[in-house]
Structure formats: structure tokens, C-alpha cells
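Understanding the architecture of this molecule
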Amino acid sequence: MQLFTCPFCGPRGESEFHFGGDAGNIRPEGDVSAEVWTDYLYFKNNSRGAARQIWMHLACREVFLMERDTVTHEVISSEALVQEQQA
Amino acid sequence: MSGWRVETQGWAVDRSRPVRFTFDGKSVSGFAGDSLASALLAAGVTTVGRSFKYHRPRGFWSAGAEEPNGMADILGTPHRVNVQMTVEPAQDGMVLRSINGRPSAEKDRNAFIDRFARFIPAAFYYKTFMFPDWHMFEPRIRAMAGLGALDPAAEGHLPTAQANAFCDLLVIGAGPAGLTAALKAAEAGRKVILCDDQPVAGGSLLYREALIDGVAGPDWAAAAVARLRELGAQVMLQTTAFGRYEHGLTGLAESLGQGDAPRLWRVRAAETLLASGAIERGLPFANNDRPGVMSAMAALQYLRRYGVAVGRRIIVATNNGIAYEAAQALALAGAHVTVIDPRADAPACDLPRRRDRIEAVIGRNGVEAVLLASGEKIAADAVIASGGFTPTVHLYSQAQGKLRFDEAIQGFVPERKVTGLSVIGAANGAFGLAEVLADAAAAVGAVSPKAEGPHWPFKIDAAWPAPKAKGRIWLDLQNDVTAKDVELAARENFVSVEHLKRYTTLGMANDQGKTSNLPGLALMAQLTGRSIQETGTTTYRPPFVPIPLASFAGIRGGQLMNPVRRLPLEAEHRSDGALFREYGGWLRPAWFGKGEEAEAVNREAKAARESVGLFDGSPLGKIEVIGPDAGKFLDFIYYNTMSTLKPGRCRYGFMLTEQGAVYDDGVLVRLDENRFIVSCSSSHTQGVALLLEEWRQDSFDRARVQIHDATSRYATLTVTGPKSKALLEAVGLGADLSDEALPHMALTYGAFGGEPVRITRVSFTGDRSYELSIRADRALPLWRALKETGRAFDAVLLGGEALMVLRAEKGYIVIGKDTDGRTRPMDLGVSGPFEKKRGEYLGKRSLHLPAVSDQARAYVGLESLTGEVLPCGAHAVERNGSAKRSIGFVTTSHFSPNLSRPIALGLVENGASRIGEILELHHLGKSLKARIAPVCAFDPEGKRLHA
Ligand SMILES: [Zn+2]
């Protein structure tokens, strides 16, 4: 079992997480071509090596960005999608 | 009968404590401390199994976990198959059955198969099972080939809870390397876990002649374990590290004795040292699989540890120096030993010796003599064969560590450390004791203890199987693969190691080729003119040894496998005679009272339409969406426009997947301007809550919309039927229930026993209905009041089955039952938003994709023409000549007690424009007819909603 790092809760077992897709796969808005739309739906980067991915930590429900290596399974970094406002 | 007890040897067995077990019905006696293998050898049993494919007699090759031959089924509770007798301690009363030998390993009636061996070469099964019809051969072949036999009636292991552990340093293997590293690390204050698959720590120290810091091997090992425990280290014996996983995780299986499943440990270590030693491999000569042919270190271990000599006239054949220790020890014990060593620089030795190699073993069921390459024949009853040592690098390789072929030791060794894991000692290619201790001490930054002995230098000359050798030279003893099979694979161009493995099954048996992989690929290297390094190894995968599935399951069997969610009123329903079933993960009443299902369901469904039905709808989703952007958010989430909904009102709608299929349906309730409740289907609450949360954080201002799943906080009690309003008024909720104040699809509040009650007027039955939501822990008094007051109104308790009949009479959808993964909202008759809704919503663009919009199935009613209830799942077919094509299927089917006839629903191509047409249905070879009808079969005008 891999250890993923939730930016809010720290390292936890991978079974606590839900995969949300490649980071940067922005939902196309409006009257886009079928090709653009189906790329958004079905085209996965499936990159070898470092990959930027969206994950949700099911325990705290926070969605975050994790960079991980798809070959070595090293977790390179985790960050919250929205930085907390400075008080 | 060649093995015998040596009275002066065998420190591990307690001769005052005899144990007795049976093997193929014969009584065998040994001592406490014996393995099953040592006891059998001492009793003179040489043939302990029959081989997988050819039914050749086989004996013990090793004394450890690499054993390819010596397996047995242990009968009793639990019934264990293919247990390695070399590692299983002998216990009183065990009942062993040999593998693949009937009636026994010794007298196997299928032994004749070996004479037909040339007709069943490698890939025989692949070729045979293709032509003309493998069903002809499969059962016979299956009965004859194989290993242990399962007993379907036998009990399995008792479940064992799994455990997790964390440490600074995990050391795998308690031989000289592992003990040294663990001890030095523990002394330096690190938190250490040390594991070993044997019941006694020491590894090779248990049988080799050596002193560490002046202390004899077994004594030094025992003292090291005592000191480790004193320092707080966890020493786990009979515990096999079977797999290496990501991020410092190692899987261990701890043997707990006969009845319990081995305990699975997940050990997360900052650093792991693999000190798993090396495995001895054999020599290539004809009939090198005969019972009585054994590895040198096994023979030495049986002698010194268990006090068993494997023969009286012993041939020791070797290509390296380590085997000399076994030769000397056996000679000292009283056996007549002859050494066969072809090396020019063999060490001085006073035993009879030939500078030669073995050509073949002579003897049908055991060793009678050996034939040397020179032509000389020497009588013998056992052959010790040492072809060198293969470092046990499995866990390193599982961690994606790269291997390098080391010519000096003729074996693959780790190239470099991988993250968090280093390899030390013999597993790292260090074969001298001083070298091993230095390697281990260096790994933990400590000074090495002082080593003395063993005195024979390793010095190996390669002795790999050669192409075109005479006779049958065995590589994989467990899967019956010979050198000729590898040559056949090369001729047929299966030359990559992965192809070689699958074509010949080399290394594919339970032992995963621990003794056979390297000789096999060394032969392939010669056949293809490549080096061994270039030829490479197959991929190493966990587990290192077979682990019972019960260990992986742990205690998560039965109800704990997938715990059901329970209603707050479950106890009350049980006392009312409910029969429970699981619906979408919830345990709910299916019907109430004794009697047959059909009769009970019909009674409930009929009574609910005549008077009033009470239904526990607590699992109904109650996900709150809160905030100034909640309306905007829900417009995006729902297919329907929701922001126009007025506070205090409800609206039915669909949620789609981005692919355009209907994912969920339900009623949205608007409590006030900034607060909604998503009443999704019971089985979808977790999925919908996640979906809402993902989109909220992805695309919306998270400060302006919040999600809160309150499903389990509230019980929802549904009151439905013509007398529902009268019943609620009699119970007294303090709310105005008049149709003006509370019309259909509206909301109000009341209270019961001082507890607020949210009342929504929505209907899943087609009759006037009210859903009362109240704090889950305060629901019981309200439910009891409904039941007690309800007596005067002929109220009936409704189970889930009757509710399904009521909704089907109305044609109301159940998502996932009446729909599948490509059902669009338009197919369900809701096309307004598709045509008119302007803003973005989930799945919108997909609804306009050609592939999606070309689909044209519609949700319709189906009337049985024969009066029998249509089978759910039956396909509607369209004929074109003799060709048939499915054009849809039945999704729901019941007998309707209120219409006194069968009703059904389904998805049918162009169904909406084909009302009245007759369809041909097919189901399991049966043909039926049905008429397409409108979905709503009962009260199509909808008058009863307001009645
Ligand atoms: Zn978290």
C-alpha cells in the first residue's frame, strides 16, 4: 500500500484516497467541438514518470494536487488547490 | 532405506520427546525439533512425492523454503495443501498425504506416464488444448497432473487479525548477517524488527562449523536473540517476509500453528536490510531428480541440526568448495563418502576423490550408483550435488532493484541499493563468514564481530546445463521441466526469458523456480549465444512463498467483509416481524409478518392504496447544499434548472454523468434562499456527496457553497395512501397540512414530542404521501405514534418489496435498475432541459455527441399477453430473416395486486413511438409476447396524488 500525503492530514494509506484525474484537464465550456469534448472525457495523459494528479482525501474531503512518479511511485509533492487566506 | 539417525549429532532435536505422525497411512516417528522432512529421512523414507507431470518419484532436495519436491497435504482442520515438509515442524498426530501419488508416493499407479514422456514435451498442453477440442482431454489430463488435492468438505484456516508495525530498521533473515546488523542497530538505540522463517534463529550458523567472537554458531545466535529482546527489539521467528511494496512496506506472514491462518503483518520501516541468504542449486546430470539426490547444505543441515545422515555410501559432487564441509562431516559421522570434483584447483582433502563429473544417476526409484564421465561406475545410496549458490534477492527485485551477474560467484547480485532497502550477506553475494559479518556491520555503521571458519574457500567453476547433453537433465523439479524442454523452446523461438518461462512453465510452480530459474536461463544463454547478463531474469513478484488467502482476508470475512448500514429503527422493525434484506448497502425490511413473500407483498401493496402505508425511508439521501452560490451550483449539477425553485418547494430532477447518462434521480428541496437538500437515491448517497464535493472544489467559490451529508443524522418516515393526511392530523404534528398550505411538492415544519419534524409532500407511490424527517435518535416515539394511531385508519407497515410494486404501477424509475450506463434523460421522457436549458450542466455536451444522440431507446411499459409475469432481463428481439437482434429488455416486472395483472417496464428502441405494438421477447430459450404500453399503468391521470 502506498502512502499519499494529504496537505491537511499528512501521510495516509492510499485506500483513503479517491483519484480525480490528471491535473490541468480543464472542463471545456460552451459550444466546443466533439473532439475537444471527448478528449476532455476520455484522453488520459498516462505519463511515465512525474505526473500531476488531482486526488481527494476521503477522510477530510479535501481535493488537492499531488505530483507523483508513476514508475517509482515516489510522492514528489502535495498541495492544496486553494491557499488559505493570510489572516 | 538410506537415511539414518546419527546419535552424536542433531542439537535441535529432543530425543526425550518423541512425535508420531502418518505419511500415506504409514506411521513415522521422530523427535520434537524435527521438521517433517528430517523425521521422514531418519525413518528411511526417500520417495516423498510424485512429480507434477510425469509422476516420477521424488525425494527431498533441500531443507528450506526453496524445496521443490517435498510437499504434502496435511489433512484435518484446517486442511492444508502443498505444505513444504522441509520447513514444517513435525507434530504429534499429523496426517500427511503425499502429492500427486495415488494410492501413495511410493506405489503410484500413474508412474507409467513417465515412459511416454517424449510424447508430452514442453508446450504439450498448449498444443493439445487447441485441437480438435480440448474438452476431450482436459478432465483426464487434469486428474493426472497436479500437486496437492483440495477437499471441498474440509474446514479452512481460522481467521487471524492482521497487524501493523512501524520501526527504524527491519531486518529480514536471522542468519549471521541479519543477526549482526540487527544487534548492532539495536545497541545503537534503533527500533528494530528481525524476522526469520525458521523456528530457530541462526540461518547457516545452525549447521555450519563456525565461531563468532569465539562462540559456536548456534550458541552465538541464541545469545544474539536474547540480547536483542533485552534491548527491546521484536524478534519474529517462523515469520516469512513475502513481499516488498511501496514506501518502505514489507509484508510478513507469521505462522501461528496448525489451526490459525498465518498472521499478516504490514511493517513500515524507515530502512530495511535484506539478509535472506542464498539458495543452493543442483548439477546437470541425467536423472538428477532421483530421490536421494540432495543439495550439500541440506545434507549438512539434516546431519548437524537434526542428526540425520542421508545415506551410508554417499557421492558428493560439486563445482565449488563449500560442499566439502558436508563431505567431511558425513564421513566423520560414519558414511562412506566419495568426492567428485572436476576443478583443477580443488582443495586438498583426504577423502576418496575423482577429478570428474557425474554423467548420470543409475537407479529407478532411488540412487543405486553413479556413472561418471570417465565411464567409471560407483555404487551409492545418496548423491550430494552442489552447483553453486544463488543469492536470494526476491524482495530486492520486487522493489525494482536491478541485478548484475557476478562471474566470481556465478550468480545474480544486487547492483545497488534501492530506496529504503539494502541487501547484505550471502544475498549480496558475500559467501565467506568474515565477509558476511563485515558486510552486515558496515550496513549499520558498526565494527564487525570476529569470524572463524568455515574453512573451505568457495571458488566456483561454472557448471551449467549444456545443449545436446545425453539423458534427461532436470531443471525445474516442481513443474517437470528438463534441459530438452528449454532446447525445444529455443528451437520454436521462445527465447526471451519471459517466453521461455511461459512456454516451458519453468519457474511457474509454487516454488517459483528458486532452484531452477538460473540453470534454465544459463542454458538459454548458451543456445542463443548471449551472456547470462544479457539473457536476464524473469520478473520477481510477491509472494516469496505461498501465503494462504485467509491471511490476506484477515478477519474481514462474513459480515465484516462489507458491513451493511443499519436503520435507527431496526430493532422496532424486528419486533414487528420484518424480514430483512440488503438494498444498496442498507439492511431494510423487505416485508412484514410471516407467510410467503408474494402473499405478504400483495397484501401490503393493496392495503397501502386502500388506507395508509407506513414505510421507513431513512436511507433516503439528505445532502445539504448551503450558501449564496448554492442555486448556481445546483443548476450545474442537475440536468434540470433548480435555481428557479421557490423556498418551501420541491422539484424532481436528474443528475447526469459527464458522459451524458443518468446517474441519479431524486427530489431537491429548497428550505430557504441559500439552503437546499438533495434527496438522492439511498444507494447513491456516498457517490453523490463525493461528486458534489469534487465539483464544488473544482469549479466553484468554496466560500460561497458548502456540502453537508446529513443522511444518517435523520430518520425519514414515509406516510402514503388516501388516509395519510387524516392519520397525520390525528397524530398531531402542529402543522397546517391543508392542500393550500402544503400542496404536492411542498414543504412545511411541525414538531413531535418537542422535536422538530420536516414534512415534505412528495410521492414515490402515486398516492398522497408525506415524508417526515426527524433526528434519528428521536424517531422511535414518532414511529410508534404513527403505528398506534394508524390502527384506527387500517395502517399497514410497508416493506421495500411492496414499495417497489407501488412505484412500478406508476412507472416511477429506479436508477440502475430501469436504466443502464447509457440511458439518457430523454430516453426517460424528460427532454425539456436538453432542448431549452441554456447554462452549463454536467453531461450537457455529451448529450449532443453523435454517438450518444443516435441512441434511441425509450422507457416504456410492457404488458404480458399471456397473463404470466414477464421475466426480468428478457430481451426484446427483432427478426431480419433468420437473424435476431436485441432491441431492448425488461427492467422491472411484478404482479400488480391493485390492477390484478402483471406489469412490466423496460427500455426498447424507439419505444415511445411504438405504443401498442407487439414485441417478441426471448429469455433463456423461451419465447414470449408483450405489448408496448405507456409507463404508467395505474391512475394515469394522477388524481390520487391529491385524493
Ligand atoms: Zn486529509
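Residues numbered from 1 in each chain as written. Chains lettered and ligands numbered in written order. Predicted model: local features only at pLDDT ≥ 70, side-chain atom pairs only at ≥ 80, totals over all residues. Heavy atoms only, no water.

Concerning the pairing of strand 40 (residues 662–672) of chain B
Residues and elements named next belong to chain B. For clarity, the threshold we go by: Only protein chains enter the accessibility calculation, which uses a 1.4 Å probe; a residue whose area is less than 20% of its type maximum is buried, one above 50% is exposed, and one in between is partly exposed. In this text, helices come from DSSP runs of H or I with a minimum length of four residues, and strands from runs of E with a minimum of two, each type numbered from the N-terminal end. Note on pairing: DSSP must find at least two bridges between two strands before they are called paired.
With nine of eleven residues buried, strand 40 lies mostly within the body of the structure. Note: strand 39 (residues 650–656) against strand 40, seven bridges, orientation antiparallel. Each residue of the ladder has a partner; that of Y652, found in strand 40, is V667. Across five bridges, the pairing between strand 40 and strand 41 (residues 675–679) is antiparallel. Each residue of the ladder has a partner; that of L668, found in strand 41, is V678.

Remarks on the sheet that holds strand 23 (residues 358–362) of chain B
All names here are of chain B. The following threshold applies: Only the contacting stretch of a helix is used when fitting its axis, a line to C-alpha atoms as for every element, and angles between N-to-C directions run 0 to 180 degrees.
The three strands are arranged 23-24-25 in an open sheet whose pairing can be described as antiparallel. Of all strands in the sheet, those bounded by a partner on one side alone are strand 23 and strand 25 (377–379). Strand after strand, the sheet turns through a mean of 20° between neighbouring axes, direction not considered. As defined by bridge partners, strand 23 adjoins strand 24 (residues 369–372) across four bridges and the pair is classed as antiparallel. Bridge pairing in strand 24 links I358 to L372.

Quick word on the packing of aromatic side chains
Our working definition: Two rings from Phe, Tyr or Trp (for Trp, the six-membered ring) form a pair when their centres sit within 6.5 Å of each other. Planes less than 30 degrees apart are called stacked, planes more than 60 degrees apart edge-to-face, and all others tilted. Only lysine NZ and arginine CZ atoms are considered, and such an atom sits over a ring when it is within 6 Å of the ring centre and within 35 degrees of the ring normal.
If you walk through the whole model with that rule in mind, you get 21 aromatic pairs over all chains. Chaining the aromatic ring pairs together yields one cluster made of F4, F17, F19, W55 and F64 of chain A. The ring of W695 of chain B carries R27 of chain A above its face, with NZ or CZ at 5.9 Å from the centroid. If you follow R574 of chain B out to its NZ or CZ, it ends over the ring of F580 of chain B, 4.2 Å from the centre.

Considering the domain arrangement of chain B
Formally: The split of the chain into domains comes from an automatic or database domain assignment.
For chain B, the domain assignment lists domain 1 (162–279 + 391–452), domain 2 (280–388), domain 3 (464–535), domain 4 (571–619 + 713–806), domain 5 (623–709) and domain 6 (814–946). Inter-centroid distance (C-alpha atoms) of domain 2 of chain B to domain 4 of chain B is 84 Å.

Considering helix 9 (residues 433–443) of chain B
Helical geometry: 3.6 residues make up each α-helical turn, so side chains three or four residues apart lie on a common side. Residues and elements named next belong to chain B. Rule in force here: Relevant arc is that of directions from the helix axis to the C-beta atoms, nothing else. Should any heavy atoms of two residues lie within 4.5 Å, those residues are counted as being in contact.
Along helix 9, the positions that sit buried rather than exposed are L433, V436, L437, A440 and A441. Across the axial projection of helix 9, the buried residues extend over an arc of 125°, all falling on one side. Buried residues in helix 9 make contact with helix 4 (176–187), strand 11 (211–212) and strand 31 (451–452). Positioned one or two residues after helix 9, G445 has a phi angle of 65°, which is positive.

With respect to the packing of helix 17 (residues 630–637) of chain B against helix 18 (residues 685–699) of chain B
Residue and element names in this part refer to chain B. The line we're drawing: Each crossing is labelled by how the near helix is turned from the far one, with a counterclockwise turn of less than a right angle marking it left-handed and a clockwise turn marking it right-handed. Gly counts as polar in this scheme, as do all residues outside two lists: the nonpolar Ala, Val, Leu, Ile, Met, Phe, Trp, Tyr, Cys and Pro, and the charged Asp, Glu, Lys and Arg.
Running from N to C, helix 17 and helix 18 point in directions that differ by 115°, and their axes come no closer than 11 Å. At the point where helix 17 passes helix 18, the crossing takes the right-handed sense. Residues F633, F636 and I637 of helix 17 form the contact with helix 18, whose participating residues are L691, L692, W695 and R696. Here the contact of helix 17 with helix 18 is built from residues that sort into six nonpolar, no polar and one charged.

Thoughts on the pattern of salt bridges
Residue and element names in this part refer to chain B. Rules: Salt bridges are defined by distance alone: a side-chain nitrogen of Lys or Arg within 4 Å of a carboxyl oxygen of Asp or Glu.
Tallied over the full model, the rule gives 56 salt bridges over all chains. A salt bridge links E570 to R574; the nearest nitrogen and oxygen atoms lie 2.9 Å apart. Residue E570 and its partner R574 are located together in helix 15 (residues 570–575), separated by four residues, close to a single helical turn. Its relative accessible area of 10% is what places E570 among the buried residues. Notably, a salt bridge pairs E755 with R778, separated by 2.7 Å at the nearest N-O pair. Taken as a pair, E755 in strand 45 (residues 755–760) and R778 in the loop between strand 46 (769–775) and helix 20 (779–790) lie far apart in primary sequence, 23 residues in all. With relative accessibility at 12%, the residue E755 sits in the buried group. For R778, a relative accessible area of 36% corresponds to the partly exposed category.

With respect to the coordination of the zinc ion
We count it as follows: Keep in mind that water is not among the atoms, so a site may look incomplete; donors are the N, O and S atoms within 2.8 Å of the metal, or 3.2 Å for Na, K and Ca.
Taken together, C6 of chain A (SG), C9 of chain A (SG), H57 of chain A (ND1) and C60 of chain A (SG) make up the full set of protein donors to the zinc ion, lying 2.0 to 2.3 Å away. When its relative accessible area of 1% is taken as the criterion, C6 of chain A is described as buried.

Focus: the sheet that holds strand 6 (residues 71–75) of chain B
Residue and element names in this part refer to chain B. Spatial strand order, 3-2-8-6-7: five strands in an open sheet with mixed pairing. Edge positions in the sheet fall to strand 3 (26–32) and strand 7 (80–84), since each has one partner strand and no second. In this sheet, neighbouring strand axes are inclined to one another by 40° on average, regardless of whether the strands run parallel or antiparallel. Inspection of the sheet shows strand 2 (residues 14–23) paired to strand 8 (residues 95–98) by two bridges, in the parallel sense. Residue T22 lies in a different strand from strand 8, and its bridge partner there is V95.

Some points on the confidence of the model for chain B
Spelled out, the test is: pLDDT gives the predictor's per-residue confidence on a scale running from 0 to 100.
Overall, the prediction assigns chain B a mean pLDDT of 94, with 97% of residues at 70 or greater. Interface confidence in the predicted complex, given as ipTM, is 0.95; pTM for the same model is 0.88.

With respect to the UniProt feature "domain: FAD/NAD(P)-binding" (unreviewed entry) in chain B
The condition is simple: UniProt positions are given in the numbering used here, feature names are shortened, and annotations may be inferred rather than shown by experiment.
Per the UniProt record, "domain: FAD/NAD(P)-binding" (unreviewed entry) is annotated on residues 168–383 of chain B. Helix makes up 21% of residues 168–383 of chain B and strand 35%, whereas the separation of the span's terminal C-alpha atoms amounts to 45 Å.

Concerning the UniProt feature "domain: GCVT N-terminal" (unreviewed entry) in chain B
Following the UniProt record, one finds the feature "domain: GCVT N-terminal" (unreviewed entry) at residues 571–831 of chain B. Measuring from the first to the last C-alpha atom of residues 571–831 of chain B gives 44 Å, for a span that is 28% helix and 30% strand.

What about the interface of chain A and chain B?
One frequent convention defines the size of an interface as the accessible area lost when the parts assemble. Which entries qualify depends on this criterion: We define buried area as the total accessible area lost by two parts upon association, computed with a 1.4 Å probe and summed across both. Polar contact criterion, stated in full: a pair of N or O atoms within 3.5 Å, where within protein one must be able to donate a hydrogen and the other to accept it, and residues adjacent in sequence count only if both atoms are side-chain atoms.
The interface is formed by 27 residues belonging to chain A together with 23 residues belonging to chain B. Taken together, the two surfaces of chain A and chain B that pack against each other cover about 2,200 Å², and 52% of this comes from carbon and sulfur. When the area that chain A buries against chain B is broken down by residue, the three leading residues are M1, R27 and R61 of chain A, summing to 28%. Here chain A is connected to chain B by three salt bridges. One salt bridge in this structure joins R702 of chain B and E62 of chain A, with 3.3 Å as the shortest N-O distance. Here chain A and chain B share 15 residue pairs in polar contact (both at pLDDT 80 or more) between them.

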